[in-house]
Protein chains: 2
Amino acid sequence: MTDNFIFGRRPVCDHCQPPFVDRRGVLIRYASGLVTLACITLVTMGQFAWAQKASAKTVRDYTSNVDPFIGVDWGGNTFVGAAIPYGLVKVGPDMESFDGRRSGFGYSSSGVILGFSQLHLSGAQGKYGNILVAPATGPLNLDDIKTPRINEVNQVGYYAADLTRYHVKVELTSSRRVGFHRYTFPASQQSHLTINVAHALGLGTTWQAQKFLGAEVHVISDHEIQGVARFSGGWNRGGEYRVYYYVVLDTPARAVRTWTGTILSDAGDAVVGDKTPADTPITTPIGATFNFSTKANQVIQAKVGISFISAEQAKQNVEHEIPAWNFAAVHAASKALWNTELAKLNLSGETDSQRRQLYTAMYHIMLMPTDRTGENPDWKSSEPYYDDYYCIWDTFRTSSPLLTLISPDRQRDIIRSLIDIYRHTGYMPDARSGNDNGRTQGGSNANVVIADAYVKGLKGIDYPTAFDAMIHDAEVPPANPQKEGRGGLRDYNEKGYITLADERSGSRTAEYSYDDFAISEVACGLGKPKEAALYASRAHNFEHLWDKNMTVEGFNGFMRPRNPDGSWAAPYLVVRGTWPDFFYEGDIWTYSIYAPQDMRRLIAMTGGNEAFVRRLDWTFLHDHFDVTNEPGFLLPVLYNYAGRPDRTADIVHMILEKDFTDSRGGIPGNDDSGAMSSWLIFSTLGISPVAGQDVYLISTPSIPEASLSLGNGKKLRIVAKNLDPNGLNRYVQSATINGVDLPYAWFRHSQIKDGATLVLTMGPAPSNWGKATPPPSMSDAGFSTCADLQPHNDATK
Amino acid sequence: MTDNFIFGRRPVCDHCQPPFVDRRGVLIRYASGLVTLACITLVTMGQFAWAQKASAKTVRDYTSNVDPFIGVDWGGNTFVGAAIPYGLVKVGPDMESFDGRRSGFGYSSSGVILGFSQLHLSGAQGKYGNILVAPATGPLNLDDIKTPRINEVNQVGYYAADLTRYHVKVELTSSRRVGFHRYTFPASQQSHLTINVAHALGLGTTWQAQKFLGAEVHVISDHEIQGVARFSGGWNRGGEYRVYYYVVLDTPARAVRTWTGTILSDAGDAVVGDKTPADTPITTPIGATFNFSTKANQVIQAKVGISFISAEQAKQNVEHEIPAWNFAAVHAASKALWNTELAKLNLSGETDSQRRQLYTAMYHIMLMPTDRTGENPDWKSSEPYYDDYYCIWDTFRTSSPLLTLISPDRQRDIIRSLIDIYRHTGYMPDARSGNDNGRTQGGSNANVVIADAYVKGLKGIDYPTAFDAMIHDAEVPPANPQKEGRGGLRDYNEKGYITLADERSGSRTAEYSYDDFAISEVACGLGKPKEAALYASRAHNFEHLWDKNMTVEGFNGFMRPRNPDGSWAAPYLVVRGTWPDFFYEGDIWTYSIYAPQDMRRLIAMTGGNEAFVRRLDWTFLHDHFDVTNEPGFLLPVLYNYAGRPDRTADIVHMILEKDFTDSRGGIPGNDDSGAMSSWLIFSTLGISPVAGQDVYLISTPSIPEASLSLGNGKKLRIVAKNLDPNGLNRYVQSATINGVDLPYAWFRHSQIKDGATLVLTMGPAPSNWGKATPPPSMSDAGFSTCADLQPHNDATK
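Here the residue numbering is sequential within each chain, running from 1 through the sequence in written order. Chains and ligands are labelled by the order in which they are written, letters from A for the one and numbers from 1 for the other. Per-residue local features are limited, in this predicted model, to residues with pLDDT of at least 70; the limit for side-chain atom pairs, both in listing and counting, is 80 or more; totals at the level of whole chains, interfaces and linings are taken over all residues. Hydrogens and water molecules were not included; the side-chain quantities draw on all heavy atoms of the structure.

- As recorded in an unreviewed UniProt entry, chain A goes by the name Alpha-1,2-mannosidase, listed as coming from Edaphobacter dinghuensis.

Take a look at the structure:
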């Protein structure tokens, strides 16, 4: 245990009473008492209290069900490395990539590792990869440190690989803001641990490349350096973000040297980029190297603290979160935190593959956004602060509803952060990363996130301010519509639609219509009938781009762009029947039927139930459905609105069969911060939230029994009777909820929020169940604005 | 054993000396001797000799590795039911389908079974589904016999399900020309076995629907009917095909009734369609029903013999192939036949999923084409007769080369059949079904099949006649280019390219060029230097559609259509950069680099190795590669021609990860008679044939050790050293073949034909192996027509 005292530091607590920490792992105060070895071992990080709580509650190790490699190839872009839930630090390998992206064909396609950086995204690309640690042996060539790896292992909170070029084994784990590295060296007179602070993923000059702006390296001792690295750009084209770091080793180095360019120097301080104008990219490498003479199997450990506030805070983060040098304990604490989260899902009768897929999906959902509370460099606030909303346009559909169900406190904090960002930047982001808003995708879908929380009674949220933020989205054209707010808003509010004068006029018109529906819901709840009526009327703006005479592949009525003068855009002869830049990540088949607020009306516009079912069939059979992007998330369940839950069952079942596996290429498109993963969980369980409404549609469970913990000690159990292993009994024959007959293929959140058991009796052929009363729509007979839009829960005002 | 004698029939052999049968299971003559029970049990079909041989050789049951449900959903269209290898009869369920196709979203998506018909395709749609047997209980409504099913099982040679509406269990097995049905009834005064002879899949009036032309039903006894049903059309738009049938039950019926329309009749003969003009579709149902009073669990069995010659022959087929009533023995014999085939592949170190995928792929490859020897209604011949080449355009790329490797005698017979079809119809088919040629897809790729066999030394083929057939393809414009031959041939031969006056001018020009290369190879081998030179020169015709100034997404040089006057077609603004009907099942990215005869030249046209690699990367990264269709089969391995086998390894590995699974949706596109499955086998083993050349490219094995039996007692073993379970060690570092260093990423058939061990030493990073000498191309320095095109084997002339 001597490693714990290597720098003469006192253990942070003196006996085994738990330290008081908040759930993000920040120590609040320490109890005092006698030192014990067990205590020192366990209290190596602030997560201790939570880890203890978790391990007391969970006898099962859910983390063994997670395979972090699922989705790393073919554009799933899931994170490889170690992180705690929502962890700021995500420490993991960066690969040499032939096309300037992290993964190209996938993580596994590059044989060569560059090193291990501290910040990453999951299910996304285009940002971070900062403060790269890389070991080496032999003569050091700063231009060429990369190495192949074998025996690569990634488990929850733990990464390991053998770096074959150097015969060094790497192991990684982490706390919230600290990456913990353990390197096992061979016998070598020239062993190095290099810290490259100019490194980032996707550096370059293209329009969404990251830019390296400058950095500082300061040698503090023979085992410590600290400094800052400054970057801007990346996928969200954000402004400068500063990554402060503090690196501390458990082993004094024979020499610590800095470098700029390719020149190693004995200077204790190195600086680049401080003379260049703001936001000017530079290409000068900068870093430091610790040199050692190592014996065979000598372990050298490093803790890399990260802060967005200061290097001093980075150092404090190390001291508070991981004061000792016990790698195993940090890993164990990370696992315990994950077990607490993963235990919210329980399955019975699932296949091995389903179990691996679903727990890995849970894991992926909780890697993003990033809890940056206490690390906001831009304003001081007592509110939680989250970054890496990447993007809400992806996650509002299924991720937010899932967190509202199983992690209401977390979702509350994420929303409070959104509102706080509105307070200080003027907008709730549609996407945000590196402390800057951007880029917008299709709508201002934080509106839907707020409404979803509101109608489901999520407490602890300042809804009046949230409502102000929604109105701001709906009324104030942004200076830079790629950054935040609603592009094309003036046309939208004046004409009722966006024209070809703005990009994505189709998808934006469709999504703003739904966003306005979300506003009207909250307006009703807050007692603002005038606003409720106004935005409810705007909820039908999508109809203004509906050309009932437009025919594609035998179907009549599609969204069609309008020219700035209001005339229809000229026909555009294309393979997939859409205009350039009219829609975003979805085609004319997908967006033309996107109106979850009023499917009744939309179905009528397509010619009625039968025509709508034919159109949906055609969409799926003729490859118009794009499983790799979020705009299609609701498509498979829309059959429920036309009285055909059996067809929903077919489609959902087969998408799961075909497009999701437990392999490295097992996520069909970019996981998008877990959006795909949350769709997978809901779809496998057989229910689908209609985000922004208190409604869930029933599709078809693929697992005999599953339950979700609801955060209030209650559970939602979903029991599928008569499920057969071949998946033939996919058609619901009858349903009960808490023992009461449920004749509809949908239910409300209020029916499950206090715990519920949904029993679905399955059979081999379609039945009449669920056909009669479709899920609610604004155009339902008797529907009136505030009476029906009034939330079905008493949300805290 | 009394069932064996239920109709007083004598057993077909009198002692347990094996009957003499050919390997298609046709009895040739019987030995005589004493009757034994064991003999009667075993000799229930002609396959006995082969079954016995198989079971003696194989202690392992390979059939348990096969899951016939792989690929049944999402358009894989693989067969569900029971069949022997290449079996004429493929007896299986037909489903109610909402879009007029067999599978729609997939086999599993319909809950309702119509009955069990005798003829099916696998990995294809649009033909057959004839002579539908369906049980029922209770009052019989001829319009509504369908039933949901549960507990469905499909194993090699065996299908079973519980039909929930009637509480009847169905079990199916088969011999080559006989479907064997076993129904277990409940206690019922009204039990029925119905035979619907008007049924077929995809009946209708659309241009590729099947047409029902007429049928006859003749009651022979209380347990026998026979007759004929006539159809035409279907996917290949073929002429009339006549399915003769003989149905015999093991249980005398209380009554046998016929029906036409919905009227049951006591008439012993029923006929429809005999008065209508030829090829006029009719819609009058016709069939027969056997009625019983059944006790609980009473078994009623039926044998349905099929012939394309006569009802009498259908009856003989039953009597020769399955003279007794031992269902288990028929199933066991079918399994034994399959074990003989499946035993040609052996794996070591594979995952469960890989084992299931690969043996199922073997199974799928051997369901088509169909061995119809002795069942050709159109001409008499001593040659083998195969039907359901569906299509050669799909199967020539990897299926034919696989059979040439592991089933040379089978491939010989398939080719002899092609040549015999040429003798009697004037053309080798590009596709053929229902005894009629059609529809052509892209080229006359039987040319490549012949060349592939020739350069690999396949014996027993009349190559001079095959050559005549190839020349016929190349020189004689067909009357109906959708049926056979080369559409656009006049332009192609006069101008060197096809123009927009003909459909698919791009893909046809590309493929005819390669077909001509194939002709030149065989010409060389047959000592025809003039023809060899002529067709070798035509092998570069693809260049005539190359517009070096055409730029798409930053890449220069693509195939571009020419107008009939030779001018370039006007630019066509489309999402994927291609013109309508210029290419078939592939886009401009795929076809523009399709020239396996001269990749050296093509790479030069694209700007050299580096530009070519960038273009391939772009193709894969930007979704221009279509894994669901065959024109892209070679794309992943084309990197080898540019010195980058490492990139080939990346792509092949990740396609396997992402697009092939062991689930019901596990085949990414239509299996196309096993074409996809054969690609899967080669790609998993790490080698890829270049069809029509004696060349295999090395990609990356995904299994530590695999072997293929070569049909001559020898094996090709592929050993991948250092493979790691995460698939990271995918890069070949060095290779040996039979212990001799192999520095190239390719080898010739002559190097393995007498058995070989290919050892690939794998590593985690790309190496220099295989970079120096790319696979052969016509434009290689020093290449001259007959010297280099001369086959590297001494094929039998």
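Continuing now.
Let's talk about the pattern of salt bridges
Phase 1: Criterion for a salt bridge: a side-chain nitrogen of Lys or Arg within 4 Å of a carboxyl oxygen of Asp or Glu. The full count for this structure, using the stated rule, is 82 salt bridges over all chains.
Phase 2: Its salt-bridge partner being D436 of chain A, residue K483 of chain A comes within 2.5 Å of it at the nearest N-O pair. A residue pair is termed long-range when its members are at least 10 positions apart, and K483 of chain A in the loop between α10 (463–475) and α11 (489–495) and D436 of chain A in strand β23 (residues 436–437) qualify at 47 residues.
Phase 3: For D646 of chain B, the salt bridge identified is with R644 of chain B, shortest N-O distance 2.8 Å.
Phase 4: Categorising residues by exposure relies on relative accessible area from a 1.4 Å probe, with only protein chains included: less than 20% of the type maximum marks a residue as buried, more than 50% marks it as exposed, and the intermediate range marks it as partly exposed. Take D646 of chain B: its relative accessible area is 8%, and that puts it in the buried class. Under the scheme used here, helices are H or I runs from DSSP no shorter than 4 residues and strands are E runs no shorter than 2 residues, and both carry numbers assigned from the N terminus.

Digging into the interface of chain A and chain B
Phase 1: Contacts were defined at the residue level, with two residues in contact if any of their heavy atoms lie within 4.5 Å. Of the residues lining the interface, 46 residues belong to chain A; the matching set on chain B comes to 47 residues.
Phase 2: Between the two partners, chain A and chain B, sit 0 salt bridges.
Phase 3: No other element matches helix α17 (residues 645–659) of chain A, which puts 7 residues into the side of chain A that touches chain B.
Phase 4: Here the residues of the side of chain A that touches chain B are counted per class, giving 22 nonpolar, 12 polar and 12 charged. Gly is placed with the polar residues, together with every amino acid not listed as nonpolar (Ala, Val, Leu, Ile, Met, Phe, Trp, Tyr, Cys and Pro) or charged (Asp, Glu, Lys and Arg).

Re the pairing of strand β25 (residues 555–559) of chain A
Residues and elements named next belong to chain A.
Phase 1: The buried count for β25 comes to 4 of 5 residues, which makes it a mostly enclosed element.
Phase 2: Pairing between two strands is assigned when DSSP locates at least 2 bridges connecting them. Strand direction decides the pairing type here: strand β24 (residues 546–552) and β25, joined by 4 bridges, are antiparallel. Residue V552 lies in a different strand from β25, and its bridge partner there is F555.
Phase 3: The hairpin turn running from β24 into β25, its antiparallel successor, is 2 residues long, and E553 in that turn takes a positive phi close to 50°.

A closer look at the packing of helix α12 (residues 505–525) of chain A against helix α13 (residues 529–538) of chain A
Residue and element names in this part refer to chain A.
Phase 1: Axis definition: a line fitted to C-alpha atoms, limited for helices to the stretch in contact. Angles are taken between N-to-C directions and run from 0 to 180 degrees. It is the contact of α12 with α13, at a shortest axis distance of 7 Å, that shows an interaxial angle of 160°. Classified by the interaxial angle, the pair formed by α12 and α13 is roughly antiparallel. Here the hand of the crossing between α12 and α13 comes out left-handed. Each of S513, D516, F517, I519, S520, A523 and C524 in α12 lies in contact with α13, whose residues at this interface are E531, A532, Y535, A536 and R538. For this classification, under 35 degrees means roughly parallel, over 145 means roughly antiparallel, 65 to 115 means roughly perpendicular, and everything else is oblique. Here is the rule for handedness: rotate from the far helix to the near one, and if that takes an anticlockwise turn smaller than a right angle the crossing is left-handed, while a clockwise turn gives right-handed.

A closer look at the environment of T619 of chain B
Residues and elements named next belong to chain B.
Phase 1: Take T619: it is sitting in helix α16 (residues 609–621).
Phase 2: Between the C-alpha atoms of T619 and W589, which are 30 residues apart in sequence, the distance is 6.7 Å.
Phase 3: Residues contacting T619, with those up to four places away along its chain left out, are W589, H624, F625 and L635.

Here's the deal with the sheet that holds strand β32 (residues 746–748) of chain A
Residue and element names in this part refer to chain A.
Phase 1: Across the sheet, which stays open at both edges, the 3 strands sit in the order β26-β27-β32 with antiparallel pairing between neighbours. Of all strands in the sheet, those with a lone pairing partner are β26 (687–690) and β32, marking the two edges. Here the strands of the sheet are splayed against their neighbours by 25° on average, with no regard to which way each runs.
Phase 2: Note: β26 against strand β27 (residues 695–698), 4 bridges, orientation antiparallel. What sits directly across from S688, in β27, is L697.

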